Amino acid sequence: MKDIEQLVAQLSSEATPIRPAPAPLQLSLRLAGAAFIYLLIALAASGLRSDLAHALQNPWFAAELLLLLLILLGTLLSAALLAFPDLHQKRTLAYTPAALFGAFILLLFFAWHADTPPAPFPVHSFECTLDITFISLIPAALAFFVLRGYASTHPSWAGSFALLAAFSVGAIWLRLYEVNDSILHVVQWHYLPMIGVGLIGWALGARLLKW
Amino acid sequence: MTEQPADLEHLMRLALQGDKQAYADLLRETVRLLRPFLSKRLRFEHEVDDVLQEILISLHKARHTYDGQRPFKPWLYAIARFRLQDHLRMHYADHLRHAEDIADLENILHDDVTETAISYESISGEIERLPEKQATILRLMHQQGYTAKETAQQMGMNESAVKVAAHRAYKVLRQRLEQK
């Protein structure tokens with residue numbers, strides 16, 4: 001008890017005015033802003049796919065892009081909520097990505113059925129995963145750097161969503177850059193690796209977001 | 001006469017503005033609130049004290065994540081549960097390590113009953129070759145006679161971490177001495 005009283009005295013002597021951290025919505029919007037700027041820079045450097053205007057007339061492609069964008073925002077919001085010990089007392093919102101990923105799987109399923117005759121496979125394969133991963137590195141580093149300044153009581157989940165958000169940035173970039181309409185290729189080399197990314201984020205979160 | 005419950009949100013808002021007295025009151029109130037919560041979940045009183053200290057330090061580190069606008073208790077209990085889980089995880093991990101130790105000890109007792117006990121001085125050269133933190137812990141505990149708790153205070157670590165570090169150092173030393 002004496003130790004605790006000493007600790008109370010020590011901690012209270014260190015009390016200085018503190019500015020509360022930005023709320024989750026604000027934090028996720030800031031991160032989203034940074035992600036969009038980065039995406040614009042990446043697209044400016046790589047260029048847009050030559051048939052983008054035509055591709056956007058395909059409702060499945062447009063819906064896929066829109067959902068990817070929502071996944072980016074949803075995972076960022078979730079990671080931001082999970083950065084707070086009490087999830088800012090908005091626990092339900094943290095489940096948003098689950099609904100978005102569910103909708104995304106459904107969309108890909110319908111897009112696959114609508115792909116008749118199937119679009120030809122591109123000549124490359126795993127290079128897409130590598131490109132997305134490469135583009136995702138900076139957003140991932142930024143997200144982890146920011147989240148480390150908070151106090152997550154769910155570090156694995158926070159890490160997982162942070163890495164998925166970063167991977168979404170890469171995935172959006174590649175869909176806007178690469179001329180490719182093969183839904184099977186996209187599922188196999190763009191989106192299935194997200195499962196691994198989520199698991200890596202889980203492990204990284206447990207280590208890097210400890211406090 | 002019952003004690004009036006303190007307005008924790010108000011105290012925390014004042015603490016965030018740098019009010020030392022309000023912060024001290026808040027921390028004391030936190031201890032009063034959490035002690036029964038922890039006592040129900042931990043067997044020994046010293047464990048309760050250890051975890052309480054961990055929680056107070058965590059509250060201090062995380063205080064910028066509380067904005068004074070939402071209820072304080074859910075925020076506090078989220079931290080408390082997190083630190084309690086950490087403690088229990090470490091506690092059970094320690095238990096597993098100690099279970100392994102008993103097997104080791106049996107081997108050693110069987111082989112070395114007639115050997116002279118090893119003193120700190122006789123292996124101080126080996127100890128100095130250990131990583132700085134482990135060497136310091138062994139020096140404090142075995143040369144200067146501090147307990148694990150006192151060593152933890154000296155080094156600004158928690159007691160379990162000191163025990164784990166010491167245990168790892170023993171293992172390395174044992175391996176090195178066996179090789180000689």
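Residues numbered from 1 in each chain as written. Chains lettered and ligands numbered in written order. Predicted model: local features only at pLDDT ≥ 70, side-chain atom pairs only at ≥ 80, totals over all residues.

*Asks:* Just checking my understanding: could you explain the overall build of chain B for this structure?
*Replies:* Assigned secondary structure in chain B consists of 8 helices and 0 strands. When the helices and strands of chain B are placed in sequence order, the string is α-α-α-α-α-α-α-α. Within chain B, the fraction of its 180 residues that count as buried is 25%. In chain B, of all internal contacts separated by at least 6 residues, the share reaching a separation of at least 24 is 51%. (Helix = DSSP H or I, 4+ residues; strand = E, 2+ residues; numbered from the N terminus. Buried ≥ 20, exposed ≤ 12 C-beta atoms within 10 Å, placed from the backbone. Contact = placed C-beta atoms within 7 Å.)

*Asks:* I tried to follow the interface of chain B and chain A on my own but got confused; where do I start?
*Replies:* Often the size quoted for an interface is simply the accessible area lost on bringing the parts together. On the chain A side, the residues contacting the 30 residues of chain B number 22 residues. Sorting the residues of the side of chain B that touches chain A by element identifies α1 (8-16), α2 (20-39), α3 (45-61) and α4 (72-112) of chain B as the ones contributing at least two each. Class assignment of the residues belonging to the side of chain B that touches chain A gives a composition of 16 nonpolar, 6 polar and 8 charged. (Nonpolar A, V, L, I, M, F, W, Y, C, P; charged D, E, K, R; others polar.)

*Asks:* Just checking my understanding: could you explain the packing of helix α2 (residues 24-46) of chain A against helix α6 (residues 127-147) of chain A for this structure?
*Replies:* For any two helices packed against each other, the geometry comes down to the angle between their axes and how far apart the axes lie. Residues and elements named next belong to chain A. It is at 11 Å that the axes of α2 and α6 come closest, and there the two elements cross at 160°. Between α2 and α6, the angle falls in the class roughly antiparallel. Handedness of the crossing formed by α2 with α6: right-handed. For the pair α2 and α6, the contacting residues are L31, A34, A35, Y38 and A42 in the first and I135, I138, P139, L142, A143 and V146 in the second. Residues that form the contact of α2 with α6 fall into these classes: 11 nonpolar, no polar and no charged. (Axes fitted to C-alpha atoms, helices over the stretch in contact; angles between N-to-C directions. Parallel < 35°, antiparallel > 145°, perpendicular 65-115°, else oblique. Left-handed = near helix turned anticlockwise from the far one by under 90°.)

*Asks:* Would you mind showing me how to read α1(B) here?
*Replies:* Because each turn of an α-helix spans 3.6 residues, side chains separated by three or four positions end up pointing in the same direction. Residues and elements named next belong to chain B. Turning to α1, its buried residues number three or more, namely L11, M12, A15 and L16. Projected down its long axis, α1 carries its buried residues within an arc of 135°, all on one side. The positive-phi residue at the C-terminal boundary of α1 is G18, with phi of around 100°. (Arc of directions from axis to C-beta.)

*Asks:* How do you make sense of unusual backbone geometry when you look at a structure like this?
*Replies:* Negative phi is the rule for most residues except glycine; trans is the rule for most peptide bonds. Residue and element names in this part refer to chain A. Following T116, the chain continues into P117 via a peptide bond in cis, with omega recorded as -15°. Counting through the fold element by element, P117 comes out in the loop between α5 (96-114) and α6. You will see that L87, though not glycine, has its phi angle at about 55°, which is positive. Relative to the elements of secondary structure, L87 occurs in the loop between α4 (59-82) and α5. Residue classification places L87 among the buried positions, given that 24 C-beta atoms sit within 10 Å. Phi is positive for Q89, which is not a glycine, with a value near 60°. Assignment of secondary structure puts Q89 in the loop between α4 and α5. On the basis of neighbour counts, which here come to 13 C-beta atoms within 10 Å, the residue Q89 falls in the partly exposed class.

*Asks:* I keep staring at the packing of α4(A) against helix α7 (residues 155-177) of chain A and nothing clicks. Help me out?
*Replies:* Residues and elements named next belong to chain A. Relative to each other, α4 and α7 sit at 155°, their axes nearing to 8 Å. Looking at the two axes, α4 sits roughly antiparallel to α7. Where α4 crosses over α7, the handedness of that crossing is left-handed. Contact residues: α4 offers L65, L68, L69, I71, L72, T75, L76, S78, A79 and L82, while α7 offers W157, A158, F161, A162, L164, A165, S168, V169, A171, I172 and R175. Tallied by class, residues from the contact of α4 with α7 come to 17 nonpolar, 3 polar and 1 charged.

*Asks:* Just to check I follow, could you spell out the nonpolar core for this structure?
*Replies:* As a rule of thumb, nonpolar side chains are buried together in soluble globular proteins. Ranked by internal contacts, the top residues of the largest apolar core, which has 82 residues, are A79(A) and A162(A). Element by element, the count of residues in this core is highest for α7(A), at 14 residues. Those residues in contact with A79(A), other than ones at most four positions away along the chain, are A143(A), L147(A), A158(A), F161(A), A162(A) and A165(A). Grouped together as the second largest cluster of nonpolar side chains are 8 residues, I137(B), L138(B), L140(B) and A152(B) included. (Core = buried A, V, L, I, M, F, W, Y, C linked by C-beta atoms within 7 Å.)

*Asks:* For this particular structure, what's the right way to read the confidence of the model for chain B?
*Replies:* For any part of a model where pLDDT is low, the fine detail of the predicted coordinates should not be relied upon. Of the residues in chain B, 82% have a pLDDT of 70 or more, and the chain-wide mean is 82. Across the interfaces of the predicted complex, the ipTM metric reaches 0.87, alongside a pTM of 0.75. (pLDDT = per-residue confidence, 0-100.)

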